[in-house]
Structure formats: C-alpha cells, structure tokens
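One letter stands for each residue in the lines below.
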Amino acid sequence: MTAGPAGVPEHPERLTPAYPPADLTTCEREPIHVPGAIQPHGVLLAVDRATRRVVVGSGNAAELFDRPPAGVVGSSFEDLVGPDLAEQVRAAESSDNLDEPLHAEVGTGAVPVDVVLHVSGDRLVVEVEPTPAPHGAGVSYRATRAAVGRLAGSVDVTALCERLAREVRVLTGFDRVMVYRFDAQWNGEVVAEARREDLNAFHGLRYPASDIPAQARRLYTENWTRLIADVGYDPSPLQPLLDPGTGAPLDLSHSVLRSVSPVHVEYLRNMGVDASMSVSLVVEGRLWGLVACHHYSGPHRPSHDARSAAEFLGQTASQLIGERVRSEERDRALAAQELMSDVLTAVSASGREPLATLLGDRRLLDLLGAGGAAAWDGHQLRTCGRVPPWDALRRIAHVLTRQDGAATFTDHLALLDPRLAGVADRAAGALRVGIDGAGWLLWVRPEEVQVVDWGGDPHNAEIARTEGAEVRISPRLSFEKWREVVQGRSSPWRPWHGATAERLRSQMTGIMLGRSRDQITIAETLQRAIVLDEAPVVPGVAVHSRYRPAAGGQLGGDWWDVLPLDEHRVALVVGDVAGHGVAAAAAMAQLRTALRAYLLEGHSPASALDRLDALVATLPGGHTATAVVAVLHHATGGDGTASGDGQAVVELASAGHPAPVLVTGDAGRVLTVPSRPMLGLGFGPTNGAADEVVRLPLPADALLLLYSDGLVERRDVGLDETTALLAEVAGRTAADVGTAREGAGGAGGDPVDRRMHALADRLLTAVPGGDQDDTTLVLARPRAASR
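Counting of residues starts from 1 at the beginning of each chain's written sequence and follows it residue by residue. Note on the predicted model: pLDDT of at least 70 is required for a residue's local features to be given, and 80 or more for side-chain atom pairs to be given and counted; whole-chain, interface and lining totals, by contrast, use all residues. Note that the side-chain values use all heavy atoms of the structure and ignore hydrogens as well as water.

S.K.: Hey, could you run me through the overall build of the protein chain in this one?
M.R.: Under the scheme used here, helices are H or I runs from DSSP no shorter than 4 residues and strands are E runs no shorter than 2 residues, and both carry numbers assigned from the N terminus. A tally of helices and strands in the protein chain yields 19 helices and 31 strands. Here's how the labels work: a residue is buried when its accessible area is under 20% of the maximum for its type, exposed when over 50%, partly exposed in between, all with a 1.4 Å probe on protein chains only. Taken over 787 residues, the protein chain has a buried fraction of 51%. Two residues form a contact once any of their heavy atoms are found within 4.5 Å. For the protein chain, long-range pairs separated by at least 24 residues make up 68% of all intrachain contacts whose partners lie at least 6 apart in sequence.

S.K.: Explain a negative patch on the surface to me, please; I cannot follow it from the model alone.
M.R.: Exposure above 30% relative accessible area and no salt bridge define the residues that can form patches, which grow by joining like charges within 9 Å and nonpolar side chains of Val, Leu, Ile, Met, Phe, Trp and Tyr within 5 Å. The Shrake-Rupley method, run with a 1.4 Å probe sphere, supplies the accessible areas, and residue values consider only the shown protein chains as cover. Here, a salt bridge means any Lys or Arg side-chain nitrogen found within 4 Å of an Asp or Glu carboxyl oxygen. The charge count treats Lys and Arg as positive and Asp and Glu as negative. His and the chain ends do not count. Lys charges are placed at NZ, Arg charges at CZ, Asp charges at CG and Glu charges at CD. Among the surface-exposed residues, Asp96, Asp99, Glu100 and Asp305 lie close enough to one another that they form a single negatively charged patch. Secondary-structure assignment places Asp96 in the loop between helix 4 (83–94) and strand 4 (102–106).

S.K.: For this particular structure, what's the right way to read the sheet that holds strand 31 (residues 775–782)?
M.R.: Consider a sheet: its strands pair through backbone hydrogen bonds, and that pairing is either parallel or antiparallel. Taken in spatial order, the five strands line up as 21-31-30-26-27 in an open sheet, and their pairing is antiparallel. Of all the strands in the sheet, the pair left with one neighbour each is strand 21 (541–548) and strand 27 (667–670). In this sheet, adjacent strand axes meet at a mean angle of 20 degrees when their direction is disregarded. Should DSSP find at least two bridges between two strands, the strands are regarded as paired. Where strand 21 lies against strand 31, eight bridges are found, and the strand directions are antiparallel. The residue of strand 31 that forms the bridge with Ser545 is Val778. Only the stretch in contact is used when a helix axis is fitted, and all axes are lines through C-alpha atoms; the angle between N-to-C directions ranges over 0 to 180 degrees. Strand contacts of helix 18 (residues 719–737): strand 26 (661–664), strand 27 and strand 30 (702–707), with the helix running at about 155 degrees to strand 27, the strand carrying the most contacts.

S.K.: Please explain unusual backbone geometry as it appears in this structure.
M.R.: Both trends apply: most residues other than glycine have a negative phi, and most peptide bonds are in trans. Residue Pro240 is bonded to the preceding Gln239 through a cis peptide linkage, with omega at -5 degrees. Non-glycine residue Arg52 carries a positive phi angle of around 60 degrees. Along the chain, the position of Arg52 falls in the loop between strand 2 (43–48) and strand 3 (54–58). In the Ramachandran plot, Ala110 falls in the positive-phi region, its phi being about 50 degrees despite a non-glycine side chain. Relative to the helices and strands, Ala110 resides in the loop between strand 4 and strand 5 (111–120). Taking relative accessible area as the criterion, Ala110 reaches 33% and is therefore assigned partly exposed.

S.K.: Help me understand the sheet that holds strand 17 (residues 429–435) in this model?
M.R.: Here five strands make up an open sheet; going across it, the order is 15-14-18-17-16 and the pairing antiparallel. A strand with exactly one partner marks an edge of an open sheet, and here the two such strands are strand 15 (381–385) and strand 16 (408–410). Averaged over all pairs of adjacent strands, the angle between their axes in this sheet comes to 10 degrees, without regard to strand direction. Pairing of strand 14 (residues 372–376) with strand 15 involves five bridges; the strand directions are antiparallel. Within the sheet, the bridge partner assigned to Ala374 lies in strand 15 and is Thr383.

Printed below as a string of structure tokens:
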C-alpha cells in the first residue's frame, strides 16, 4: 500500500512481536483506526470516566510526567497531570466542550503543553503535546480573519484553491502546500500549490485512487487535520495493548497522535519528505479533497493554534467551495432551463408527434452538451446527431435502466458492458431517462481522449495483482512524471444534467399526454361519424351490435357496417385496422368507404376484399387490417340465391379475420372460411380464386355472429381454444334466452331484440380477460316473412 501526496496513514502497525508478511490487499483490509501506538512527539492517556484512573497510556508518558514506567497505568489522572490540567479537563467535560484545545504546564519542570480531548467508547482520551516554539509571527484572530476574507474574495474554485494553499503555507511554515482534489473515481489531482522556489512543481499531477483507500478516506471525512511531525519517528506503544475493560484495542479514529504505517513512512521517504500534514476539504458531507503539506528540511511540528487555524481555513474553504460549485451548477442549470423552455415551446406549437419534433431539434443536443440523442416510444426509434447503431442504443438503454425511469448516467459505458467499447467514438458516455412506460430518451457523448500526467505509474499495483505476484507491499520508488493517454471515456456528466433531463421528461410526458387526449377526442369524433351507434332497420334481417373500447378508454381500429345492397341482399362487415388513435381511425374511414363502394358495384365478398387489400397497401403509414364480409340473401321470394324452400343463404369471405360463429338451436359452431392474408400485404387474389365464396344456408332459427379479435384473442391461450369456447357459450346462451324463437310483441319491445341484447351481453364476457383491446360483435338472423 502507498499513499498520496497528503501523507495518508493507511497501514498502521499493531506492534505485535512479529509483523506478518503483507500482500497487495493488506492495505484495503487493515483496521487503521487501532494501530496500538502513537507518534512520540506527544503522549496519550485513556482515562476511565467513572473512576478517573488511567487505564491505557503511551510508553513515553512516564518521562513527561516524571513517573517510573509502571507509575502511569492505574494512577489517578489528577495525580499524574496535576490539579490545574485536571480541573480544565473536568470543566471541558461538564460543559460538553471537548473540541477546544487546552493549555497547561505539567511535570516537575513545568513543561508548557497543548492538550486535546475526545471520547472513545467509555474512555476519555487525553493527548498531550509539549508546545513547540512559535513559527513566524504566530497565530492571531485578526490574522486568521483576514485570511478568511481573502478566501471569500476568490472569484471561482480555482482561485480559491490557490489562495488556500498560500494561506495554509503562511500559517504552518511547510515547504510545500498543495490542494488535492478527488474525481468521481477517487483519483486525485493537484489543482493548486504554494512551495519553496527551489522545489519542483507538482501542480497538475494526478495520483491513483489506490493511494488513498476507502477506510483512509473515511477517517479524513471524520478528522479534519492529520500531522506526521517526523517521518523518522519510533512509535510509542500503548500499554497495555488491549483495554482491560473491553479486551479490545483502543479505537484511535479521532486521535491526533495515532501512529502511521511503516510502509507509508517509506513512501514519504521515497518522496524525500521529512514531515507532512493534511487538512480535509469536505463538501456536503463528502470528501472533496485535501490540503496536503510536505516538509523537506527536517522534522516540523506547527503548534496546535496554527493547526487549528489551518483546520478553520479548511472548513471555511469547504463551505466556499460548496457555494461556488452550487453557484456554477445553478448558472448552467438556469441556462439549460431557458433553452429547454424554448425547445418545449416549439414542441407544443408543432402539429407533429411530440417526440418527432423534439428529436428534430438539434438544440436538444446543446441542452446537455451531447453529441447525439435517441428516443424510443416502444414502437419507433428516432435519432438526432451522431449515435451508434440500433443494437448499441438498445444495449445502452438497458444497462442504464432504472425501474422508476429516473435519470441515470455514466461517462464510461464500456465499464458497464465491454461490448460497448466498439462504439466509443459515438457513445463512450450516456444519460438515460424513461418515458411513457417502456420508452426512453437517451443522450450520448463520444470519447474525450485525455493526456494525464501521473505522479508515477498508477498501474504498478494493478500489474502485480494481475500477475498474482507474491510481493511485499512496497511504495513507489519513483515519482517522476508518468504520462498516460486515457481513452474510452466521455466528458463527465454533472448532477444538473440529470436534473435537467428529469424536468424535460416531466414536461414531455405532459405534452404527450395532452396530445394523446386530443388525438383520442379526434379519433372518437371520427369513429362516431363512421361507425354506427346501432344497427339500422333493414328488410328481412334482424341485426344487433356492440362496441367496447380497450381498458382506459383507448379507441382502436375496429369498425362494423350494415349495407343493404338491394331488396334481397344485406352486407354485414366487421373490420379491424391495426393500431390506435387518429391514424387508425383515418385508415378505418377510408377502408369502410372503399369496401362499401366495391360491394355496391356488385363485387362478391372475396373480390371486394382483394381490391381492398390493394388499396390498404398504398396507404401512407404502413397500415394493415383484417375484415370479414357476410352477404345475407333473405327469404323474400325466388331470386335464385335463396334455397328452394325460401330459406335464407349467407356468402362469407375473410381476410385474416377471426372465423364467424353460427348458432342453430342450442349449438354453436365455428365456421370454416378460407382466409386470405390480412389486408395491406398486397397479395391480391388467392390462387386465382378471388370470386370463390363460402355459401351456407341460414335456417329460420339460425343466428350469425361476426366479431373482432378483441373478443377471443388472449395472451398464452390459443385462438382455436378461445373461439371454441365462444361458440359453446353462444349456443348455450341462445338456448337459455330463447333467441331463436319469436314471440308476441307488446310492452317492452320486440322479444327478438331483447333476446339478442341479452345474448350480446353474455358473449362480451364469454372469454375472460378481454379488456386489453377494443372489441366489436355483430349478431344477425333472418326475420320471418311478414304474413
């Protein structure tokens, strides 16, 4: 394990008699908060808060307090440190103010000391450092306040970091002070530096995330300052190693004297560093960076006052950085909001489909600084700018999917799916939001090749790990600049990009919903103008119909028609145009009108459907449809089409439509009608048999049922099974309601109409689960000739 330029204490020793050999994963597992030792420039005492006796002490405490080695642990805290310091400690505890450093004199020599306190479990931890000689002009409130004012006057984050480095160097006297910023992957970059003129510059160098592992970053977030006064120190062990009250090592997470890893010491020596200090920069609870201080001219220990002042500047700078970052984000977000308003105004004003209008406006790319965009509504893909092929877009949308459709983004798609590495020239990064159920809106960015200067080769540890080498952890021996070309990543997305995409998603959903409602209204108006509300009265035939829209009231392309052809013949039609909304309703209107014309021209049902197939194939939009046509020749005299005994006859033809059902008495059967392909495929007459029709007699008690697929088509159930069930229910219900028997009229209307009405009610629910598509059914039976 190594450490970054901040001098990170990542691998503290437990001071066991034999330190085991380390491998490359040791630093990631090491419990660095319990090293079992401290740095020797101060002493540590752990005091039982109930008995006020010392239960753990550092090995060097005896010398400072003029006691024999065995006279520290177990002694009274007041006897050991003297009444003045003991009283100050009691006052700090009683006022719950352990953060303020204390000043006192201890030992027979009245050594002036600085004292800091914190609580670890049930122990009060007292850390005592002899006060060092003052550096420079010393620390004052006025000087610190002036430094804060200069920080606050910085115009942006870059200037703020540069000023912070200079102020901390003046306060602490270190040879080099750097501001070190983390990126999204926890790699660090030196973004500002104040140094001795004879030192090489580190500004702009980067250090890999492995230099400061997660547990070290956690402690940096909790503790604002960390000092290593002398890289060449000999650790002072804690005695005893295990707290007698807990049986565990004393937790030194908040200790200012906590010992550091000997490997880290070696790392600092390789850099030529004799002393180091760090101050955390924490923005909104997250470690943003560090102020890293190095000294090259021997040990260096700034006073507690100087360190406290540096910590205060770090805290102030953290707040200012947060404000600057939020301000920059706000400015960019507001500019994006203005642009989005213009784009959405254009979408709302356009008569085109909203997603088509949105993807036709290149300002959509400017909105989030993207190279390309794509939208999928579940049926159609639309793109703008430079995007990868459809398969890659679909894969990108999949890897970024969130169940709630909220914004997700990455600047390294190949990390999520290695197959996407091949499209990095168009989509190395992407941002996705869900729209309208299974749909999505996607922005993509191409890779942004970067030349990165590292403070040494960042891949050494990874190479050793890959090769499985059994090696001792060793910090880098060289910190010469190591240049790398980074590929496969896009410029990073910022949180405001996601927030902007979320707002666009919300606004587009509203526009699409409003447009959908408008289209439903238009479609309903068009359908009402075309499709009959109820069957007209025609001679010789009793007709009853039903239409039920799909769940949610969405209208489909179903239509039905009753068309008297002459005094002996009536045409019945049920059709279904694929799709929903205005487009389906418009196509439906054209098909209904054309089919009426073909039938009135005298074409047979089959010939009329063949002509309709050719027409549908020419309609814009790639429509398809199905239809069934029945021409009833009712028994009004000998016209050559009815049977010799005056029985009615029906001629049937179908184009991809569900088979009709004939009910006779109490039995229903599915009629076999050779079906042409669905309309719109352009097959034309089938095997030259365009004029062939199925002719069936219709007994006086017979009833013909025509219907659309919404009545019988169900997921995971075969059409033959559902159609057979429909026929069975039709026969059974017809017998129950007596549809086939005409009775006397009178109050309540024609009994035939009432019975057909009851039968239609039952048939709508004959096959369960039929609310996902619109449904049409038409019932017809010959009427008895009038006497």
